[in-house]
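Spelled out, the chains give:
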Amino acid sequence: MNMIIHDDGHTNVISTDSLKDFSEIKQIHKDFQPNSFDLILTNPPFAGEIHERPILNEYELAKNEKGKLRNKTERHILFIERALNLIKPGGRLAIVLPQGVLNNTNMAYIRSWLFDKARILAVVGLHVNTFKPHTGTKTSVLFLQKWGEREKLPKDYPIFMAVSKKSGKDNSGDYVFKKDENGEVAVDAKGNSLLDYDLDEIADKFIDFAKKEGFKFWR
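Quick look at the structure, then. Because the structure is a prediction, the values reported are computed rather than measured. (Residues numbered from 1 in each chain as written. Predicted model: local features only at pLDDT ≥ 70, side-chain atom pairs only at ≥ 80, totals over all residues. Heavy atoms only, no water.)

Moving on, we get to the environment of Trp113. Considering the arrangement of structural elements, one finds Trp113 in helix α6 (residues 108-117). The spacing of Trp113 and His127 is 14 residues in sequence and 26 Å in space, taken between C-alpha atoms. (Helix = DSSP H or I, 4+ residues; strand = E, 2+ residues; numbered from the N terminus.)

Laid out in structure tokens, this is it:
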């Protein structure tokens, strides 16, 4: 709505099922195709499974180790593959995922697939209150950079890891604000109330890490 008010509410905005076949999506927007985005930021829906075989046929992660199509696949798993297919080689992806994708043994095949497709830049575990009151699902943000077409994959490399311990929300999902020395809600230079969260600090630490490692996107 903010874009519409400023006379640019529809440019390159697509409303469609982004998991379906690319040929169908391109009928809506011709530039929506694989290897075309520099950066994708996404928080895909976690709930629900895809059963439709025409859709599942489009995805490697919908197949088992023998290459046979699974009967169903959770939507957020397909979104991982779709997002990585959309970004260019060297492009970056930040995606919010259920914690289980990163540590459950039955999800190991996803992690193996990811290592082949992209460099893991960072994993940031979010506080359980982050998305309350809508959901209390434990989540993490996964930051990836897609491997170049001829890039030699390293055997090992450093990955930035962090855990958020302050989400700026309480168990009910209400905002929690910082307090000043008088016990009043702290404000910034513009008079805005300051949330009591630590994601800015984590972001600063990641920037330091990126500079130290000389990430190509940082230069």
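Next up on the list: helix α4 (residues 75-86). In a regular helix each residue adds 1.5 Å, so twelve residues correspond to 16 Å; α4 covers 16 Å between its end C-alpha atoms and thus fits that length. When we look at burial in α4, the residues that qualify are His76, Ile77, Leu78, Phe79, Ile80, Glu81, Arg82, Ala83, Leu84 and Leu86. (Expected span 1.5 Å × (residues − 1). Buried < 20%, exposed > 50% of the residue type's maximum accessible area, 1.4 Å probe, protein only.)

Our focus in this paragraph is the layout of surface pockets. Size it by volume and the largest pocket reaches roughly 320 Å³. Taken together, Ile14, Thr16, Ser18, Phe32, Phe37, Leu39, Ile40, Thr42, Phe79, Arg82, Ala83 and Leu86 make up the full set of residues lining the largest pocket. If you list the elements that add at least two residues to the lining of the largest pocket, you get β1 (37-42) and α4. Partitioned by chemical class, the residues of the lining of the largest pocket number eight nonpolar, three polar and one charged. (1 Å grid on protein atoms, 1.4 Å probe; cavity = no way out; pocket = protein on both sides within 12 Å on 5 of 7 lines; lining within 4 Å. Points joined across faces, edges and corners; volume = space filled by probe spheres on them. Nonpolar A, V, L, I, M, F, W, Y, C, P; charged D, E, K, R; others polar.)

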